[in-house]
Amino acid sequence: MTALLKTNLGDTPLIGRGKVRDLYAVEDALLLVATDRISAFDHVLGTGIPGKGKILTQISLFWFDLLWDLVPNHVITADVDQFPASLKPYRDQLEGRSMLCRRAAMFPVECVARGYLAGSGWKEYQTAATVCGIPLPTGLLDGSKLPEPLFTPATKSQDGTHDENISFAATAAALGDADAEELRRLTLAIYAKAAEHAEACGMILADTKFEFGRTAEGIILADEALTPDSSRFWERSAWKPGGAQPSFDKQFVRDYLESIHWNKQAPAPSLPQDVAERTQAKYLEAFRRLTGWDLSL
């Protein structure tokens, strides 16, 4: 099985390529195609993870369906048979990894929910005993469960690579009080339901990020939802605060890149086959655990 690193849909207008997704304009809708590209340390690597785009798409579709009672989403259909006829010749690039979506005016913030102390939150806590300026009790460890889940929004930096944590006050100043309050409410409500589901699957949802947009009907959830690319899922039985936790993500990739002392500058290196295979297996395990289904790649 080979990795799909770049799509080509003929005359279909390409809007842009992100680190993972290719975005096309299809009539009055958008087509999101999740490739098998993988990024680390803000660089897309020379090697993809075969089937990763399908895994991410199917996980998102599972969550979109599960969360529908809390918030509508952008998906029109993920069934290629229901796509416009102009896309049918590209079924091999689209099957299982694409979503035809409604257009929305996207809010310029990433809505982050944190239930555990990790990543940039842990770094800030070590210096100030806060996360995004929110005071926390002393004595917490890397991986500790927080007293209650936090809403910690972020914006993209000017170069489009790093997320920059911002305060709720800054979010309200940018969006208006009403929208900021609603995004906080939605983010924490989604996190609570998703964390409860993950717990039932023997997993911890440490933190996650969402993107929301507005249509004529109101606020919708867009992009991806609760995938290993946008969330920290940990093994519940192995959770032990005080250091890095066993996770369902691209840790194998990061560990390999650190082991070869890559300077984290372009061009990004390729991955050995065993690292790619182990990463694929971890993504597949996350899918099976969360959904209870098997996935044919």
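These figures come from a predicted structure and were not determined experimentally. (Residues numbered from 1 in each chain as written. Predicted model: local features only at pLDDT ≥ 70, side-chain atom pairs only at ≥ 80, totals over all residues. Heavy atoms only, no water.)

Engineer: Looking at this structure, how should I read the packing of aromatic side chains?
Structural biologist: Pairs of aromatic rings are described using the distance from one ring centre to the other and the angle between the two planes. Taken as a whole and assessed by the stated rule, the structure comprises nine aromatic pairs. Ring geometry for Tyr116 versus Trp239: centroids 5.6 Å apart, planes at 90°, classification edge-to-face. Placement of the pair is Tyr116 in strand β9 (residues 111-116) and Trp239 in the loop between β17 (231-235) and α6 (251-259), with a sequence separation of 123 residues. On the numbers, 6.3 Å between centres and 55° between planes, the contact of Phe210 with Phe212 is tilted. Accessibility assignment for this pair places Phe210 and Phe212 in one class, buried. Counting every residue linked through ring pairs, the aromatic cluster contains Phe62, Trp63, Phe287 and Trp293. The ring of Phe252 carries the charged tip of Arg278 above its face, separated from the ring centre by 4.1 Å. Of note, Lys282 hangs over the ring of Phe248, and the distance from its end group to the ring centre comes to 5.0 Å. (Phe/Tyr/Trp six-rings, centres within 6.5 Å; stacked < 30°, edge-to-face > 60°. Helix = DSSP H or I, 4+ residues; strand = E, 2+ residues; numbered from the N terminus. Buried < 20%, exposed > 50% of the residue type's maximum accessible area, 1.4 Å probe, protein only. Lys NZ or Arg CZ within 6 Å of the ring centre and 35° of its normal.)

Engineer: Where do I start with the packing of helix α1 (residues 52-66) against helix α7 (residues 273-291) in this structure?
Structural biologist: Between two packed helices, both the angle of their axes relative to each other and the distance between the axes serve to describe the pair. Running from N to C, α1 and α7 cross one another at 20°; their axes reach a closest spacing of 10 Å. By the angle class used here, α1 and α7 are roughly parallel. By crossing handedness, the relation of α1 to α7 is classed as left-handed. Between α1 and α7, the contacting residues are Lys52, Ile55, Leu56, Gln58, Ile59, Phe62 and Trp63 on the first element and Gln280, Tyr283, Leu284, Phe287, Leu290 and Thr291 on the second. (Axes fitted to C-alpha atoms, helices over the stretch in contact; angles between N-to-C directions. Parallel < 35°, antiparallel > 145°, perpendicular 65-115°, else oblique. Left-handed = near helix turned anticlockwise from the far one by under 90°. Contact = heavy atoms within 4.5 Å.)

Engineer: Mind showing me how you'd approach the side chain of Lys54 here?
Structural biologist: With respect to the secondary-structure elements, Lys54 resides in helix α1. Here Lys54 sits buried without a salt bridge, and the closest side chain of opposite charge, Asp36, lies 7.7 Å off (N-O distance). Ignoring any residue separated from it by four or fewer positions in sequence, one finds Lys54 in contact with Asp36, Glu95, Gly96, Arg97, Leu295 and Leu297. (Lys, Arg positive; Asp, Glu negative; His and termini not counted. Salt bridge = Lys/Arg side-chain N within 4 Å of Asp/Glu carboxyl O.)

Engineer: Can you walk me through the layout of surface pockets in this structure?
Structural biologist: Rolled over the atoms, a probe with the dimensions of a water molecule shows which regions are left empty. In this structure, the second largest pocket spans a volume of roughly 170 Å³. Lining the second largest pocket we find 13 residues, and of these Tyr116, Lys145, Tyr191, Ala195 and Glu199 sit closest to its centre. Looking at the lining of the second largest pocket, the element that brings in the most residues is strand β12 (residues 145-151), giving five residues. Residue classes in the lining of the second largest pocket are distributed as eight nonpolar, one polar and four charged. (1 Å grid on protein atoms, 1.4 Å probe; cavity = no way out; pocket = protein on both sides within 12 Å on 5 of 7 lines; lining within 4 Å. Points joined across faces, edges and corners; volume = space filled by probe spheres on them. Nonpolar A, V, L, I, M, F, W, Y, C, P; charged D, E, K, R; others polar.)

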